[in-house]
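The primary structure of each chain is shown beneath.
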Amino acid sequence: MPTHTRPANRLAGELSPYLLQHAHNPVDWYPWGDDAFARAREEDKPILLSIGYSACHWCHVMERESFENERIAEVMNRLFVNVKVDREERPDVDAIYMAAVQTLTGHGGWPMTMFLTPDGAPFYGGTYFPPDDRHGIPAFPRVLAAVADAYRSRRGEVEQGAAQLRRIYEVARQAMRPTGALDAPLFDAAYRQMAQAYDPRAGGFGGAPKFPQTMALDFLLRYWRRTGEANALEMAASSFRHMAAGGLYDQVGGGFARYAVDAHWLVPHFEKMLYDNALLLRLGAGLWQATQDAEVRRVVEETVGWVGREMTAPGGGFYASFDADSEGEEGRFYLWTEDELHETLGPDRAARAIAFYGVSKTGNFEGRNILHVPDDATVVAAREGIPIERLRAELTEIRRALYEARARRVWPARDDKILAGWNALMLRALAEVARVMRHDEARRLAVANAEFLFAEMVRDERVLRVHKDGTTRITGMLEDHAAVGLAALGMYELTFEPRWVDRAIALARSAVEWFWDDETNAFFDTARDHEALIARPREISDNAVPSGNSLAVELLLRVAELTADAELRRRAAFVLETLAEPLRRHPLAFGHLLGAAELAAFGAVEVAIAGDPATAEFQALVDETARHYLPTLVLAGGVDGADAPALLSGRTPRDGRATAYVCRSYACDEPVSDPAALGEQLEWAAGFVPR
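Basis of the calculations
- Residues numbered from 1 in each chain as written.
- Predicted model: local features only at pLDDT ≥ 70, side-chain atom pairs only at ≥ 80, totals over all residues.
- Heavy atoms only, no water.
- Helix = DSSP H or I, 4+ residues; strand = E, 2+ residues; numbered from the N terminus.
- Rg over C-alpha atoms; globule rule 2.2 N^0.38 Å.
- Buried < 20%, exposed > 50% of the residue type's maximum accessible area, 1.4 Å probe, protein only.
- Contact = heavy atoms within 4.5 Å.
- Areas by Shrake-Rupley, 256 points an atom, 1.4 Å probe, with all protein chains shown as cover.
- Polar contact = N/O pair within 3.5 Å; in protein donor to acceptor, adjacent residues only side chain to side chain.
- Salt bridge = Lys/Arg side-chain N within 4 Å of Asp/Glu carboxyl O.
- Disulfide = S-S within 2.5 Å.
- Pairing = 2+ DSSP bridges.
- Axes fitted to C-alpha atoms, helices over the stretch in contact; angles between N-to-C directions.
- Phe/Tyr/Trp six-rings, centres within 6.5 Å; stacked < 30°, edge-to-face > 60°.
- Lys NZ or Arg CZ within 6 Å of the ring centre and 35° of its normal.

Caption draft 1: Representation of the overall build of the protein chain in the model. Of regular secondary structure, the protein chain possesses 26 helices and 22 strands. By the compact-globule yardstick of 26 Å for 691 residues, the protein chain fits well, its C-alpha radius of gyration being 26 Å. Projected onto the principal axes, the alpha-carbon positions of the protein chain cover approximately 85 × 70 × 45 Å. Here the protein chain holds 691 residues, and 61% of them are scored as buried. A fraction of 68% describes how many contacts in the protein chain between residues 6 or more apart in sequence connect residues 24 or more apart. Accessible surface, the protein chain as shown: approximately 26,400 Å² in total, 50% of it carbon and sulfur.

Caption draft 2: Just the pairing of strand 3 (residues 81-86), in detail. Burial within strand 3 is extensive, with 6 of its 6 residues counted as buried. Of the two faces of strand 3, both are covered, the one formed by Val81, Val83 and Val85 as well as the one formed by Asn82, Lys84 and Asp86.

Caption draft 3: Structural detail: the side chain of asparagine 549. Among the structural elements, asparagine 549 can be located in helix 21 (residues 548-563). A relative accessible area of 3% means that asparagine 549 is categorised as buried. From its side chain, asparagine 549 meets the backbone oxygen of glutamate 539 in a polar contact 3.5 Å long. Other than its neighbours up to four places away in sequence, asparagine 549 contacts Leu478, Phe523, Asp525, Arg538, Glu539, Ile540 and Val575.

Caption draft 4: Fine view of the pattern of salt bridges. Under the criterion given, the structure shown has 61 salt bridges. The partner of glutamate 157 in a salt bridge is arginine 154, and the shortest N-O contact between them spans 3.3 Å. Take glutamate 157: its relative accessible area is 51%, and that puts it in the exposed class. Arginine 154 sits in the partly exposed class, given a relative accessible area of 35%. The residue lysine 417 makes a salt bridge to aspartate 415 at a minimum N-O spacing of 2.6 Å. Of the two residues, lysine 417 and aspartate 415, neither departs from the other in class, the shared state being buried. Linked by salt bridges that have partners in common, Arg10, Asp28, Arg39, Glu43 and Lys45 make up one network.

Caption draft 5: Summary view of the state of the cysteines. Under the definition given, this model contains 2 disulfides. Each sulfur in the disulfide pair cysteine 56 and cysteine 59 lies 2.4 Å from the other. Where cysteine 56 bonds to cysteine 59 through sulfur, the torsion about that S-S bond is close to 80 degrees, and the disulfide is right-handed. The exposure class of cysteine 59 is buried, given its relative accessible area of 2%. Two residues, cysteine 663 and cysteine 668, share a disulfide whose sulfurs are 2.0 Å apart. One disulfide, between cysteine 663 and cysteine 668, carries an S-S torsion of 105 degrees and so falls in the right-handed class. Listing the disulfide partners of the protein chain by sequence rank of the bonded cysteines yields 1-2, 3-4.

Caption draft 6: Local environment of the sheet that holds strand 3. Taken together, 5 strands build an open sheet; the order of strands is 1-3-2-4-5 and the sheet is mixed. Both outer strands of the open sheet, strand 1 (29-31) and strand 5 (122-126), are each paired with one neighbouring strand and no more. Neighbouring strand axes in the sheet, compared pairwise and without regard to direction, differ in orientation by 30 degrees on average. Bridging between strand 2 (residues 47-52) and strand 4 (residues 112-116) involves 5 bridges; their strand directions are antiparallel. In the strand pairing of strand 4, serine 50 is matched with threonine 113.

Caption draft 7: Region of the structure containing helix 14 (residues 347-356). Taken together, the buried positions of helix 14 are Ala350, Arg352, Ala353, Ile354 and Phe356. On its buried face, helix 14 sits against helix 13 (338-345), helix 15 (377-384) and helix 16 (388-406). Of the residues flanking the end of helix 14, it is glycine 358, one or two places downstream, whose phi is positive at about 65 degrees.

Caption draft 8: Structural context of the environment of alanine 686. On the secondary structure map, alanine 686 appears in helix 26 (residues 675-686). On the accessibility criterion, alanine 686 (7% relative accessible area) is buried. Along the backbone, alanine 686 and arginine 538 are 148 residues apart, and their C-alpha atoms lie at a distance of 33 Å. Every residue in contact with alanine 686, bar those within four places of it in the chain, is listed here: Arg225, Arg226, Val605, Tyr629, Leu630 and Arg664.

Caption draft 9: Up close: the packing of aromatic side chains. Summed over the entire model, instances satisfying the criterion amount to 29 aromatic pairs. Its guanidinium or amino end placed over the ring of tyrosine 53, arginine 87 lies 5.6 Å from that ring's centre, counting from NZ or CZ. Here the guanidinium or amino end of arginine 462 rests over the ring plane of tryptophan 514, the centre of that ring lying 3.8 Å away.

Caption draft 10: Main features of unusual backbone geometry. Going from tryptophan 110 to proline 111, the amide bond is cis rather than trans, its omega being 5 degrees. The residue proline 111 is located in the loop between helix 5 (91-105) and strand 4 in this model. Its identity as a non-glycine residue notwithstanding, glutamine 292 has a phi of 55 degrees, on the positive side. The topology assignment puts glutamine 292 in the loop between helix 11 (274-291) and helix 12 (294-310). The phi torsion at aspartate 655 lies on the positive side, around 55 degrees, for a residue other than glycine. Considering the arrangement of structural elements, one finds aspartate 655 in the loop between strand 20 (633-638) and strand 21 (659-664).

Caption draft 11: Quick look at the sheet that holds strand 20. Reading across the sheet, the 4 strands line up as 20-19-21-22 and stay open at both edges, with mixed pairing between neighbours. Of all the strands in the sheet, the pair left with one neighbour each is strand 20 and strand 22 (667-668). Both strand 19 (residues 605-610) and strand 20 contribute to a ladder of 6 bridges, which runs parallel. Residue alanine 610 lies in a different strand from strand 20, and its bridge partner there is glycine 638. Docked against the sheet, helix 25 (residues 616-627) engages strand 19, strand 20 and strand 21, running at close to 165 degrees with respect to strand 19.

Below is the structure:
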């Protein structure tokens, strides 16, 4: 642990690793709360609000340059009341002020630097400010002086600017109305727009910097399943393979970085986030079902291994992220020189690693090498004159040796807080991997995490957002409730234990009770009893994670399918119809919501397997179902009874044998006990396969 010579500020009592990183700054930081605003009102000072997160590289840079600078801190303390927020703890606060920054500057990002009146209204802001004028960005001290002067001398202009910015929040209070139909042309238009934005050389969408946009790729995979459009499958699969071959993927330890700074996935921004890997794991599981690609399976399994080794707390929760930096340098932990490979592997294995991972003496990143896979393993094996099986075996040993050597380096800092929504995304992904791949480690992690979440972070059918060091706090957002509900459904499909359906039903109803607003006919991101802010945030687009809206809509639809709850289905369909036009016009911003819209528009593939889950014949039907990529699958299993979901009602084993019932669009197939016959029914129900 670092030794601090300065006394701690008010952040020392916080749980967030990001806030604790600033606990010994000379800045007189306040955490978000009434105390800061009361002081601002009492002293008539503006608030300087700084928002970031632990794994953010430029947040660390601004801290080193400005918040650790005694001279700059003195100006901040004299002229402002300074508030520091972890955006991952408080996405509501972040969303409100990010909207203001984007309005003022045309872009957003972190660190976010926003100036507020004492009642919390934003009037000026930006993102990163350097300590000196640089590349057209004004120096932070100059910004501080100008803002403070405006607040003192031109108060009328400041209040007018704040009033104008407040108007951006009015749209969230407007009543929602349907904007179009959820029909096939909508999804065709979304597919065409994605195809036009697709990068055929490197996969993904657009140029540098390049984000995975996993939810859009998931929509393409779904679109292929329903329509048979081969190009949609190729775009999804090729993008995943390119990402997995690049530096975006940790070739030694597994897991994906947040994004690439180039257009070819070579140079990552080295932070590793739980949510990115959750979304990519689930996409990988679907791709493996669709393609049976062994490389896709390898990447999925390695990423599961990374989650288990590096991201799992003793109680079963999942940590939030790893920093990009270590020893003061971005990416240092992950980089290699030729000499280091020789020292670690010996001459023969080093030569093989150099050939496979594109290593050179000059390096590809600041004199060192980001390991990547420029050529397919079959090409390298042919070039090296060895069988592909031998190359793969050698690479397994090489990765093991490199991991052991790297583990002795100084690790990047890990943000060890546990966030309910992010945990639920990973839990759902692991449950899916465990189900479709019969993966024991994924199952073990999923079961442990599910038990942890419902023991520690769900109370009285409501979710709390943050857990750390035995303390759980902060009322959960809509995304937390909906994601945990969907994860519970994933656990039901993995275990067929009715308690998981009961929990999902409770959270779906809780989402409606606490987050639905009758005046606007919409879900809001914060509960109706949440802390009063200057606006009640309502994000509709899917960004780094699915929006609370899209998660809630999917949860309501899936629970409705299992329980025959017409009211939940009606409400979800209404939300989707109010967003039909944005879905059509901006599909890349609504990847997850498009998936929910397909479920609503074309119906679920309903599979009820009646019988004893402990029997081999029941498991054979489960395994057959898992072989098929069915993105709208709603699965129930077990025996009909008081605690069984409605989907099992009236479904009984035939002739004493486990029996599968397959239905779609209010039509059902003949019940079957033969796995091969079930497979034929599933392919027909999934979409484009003719009968």
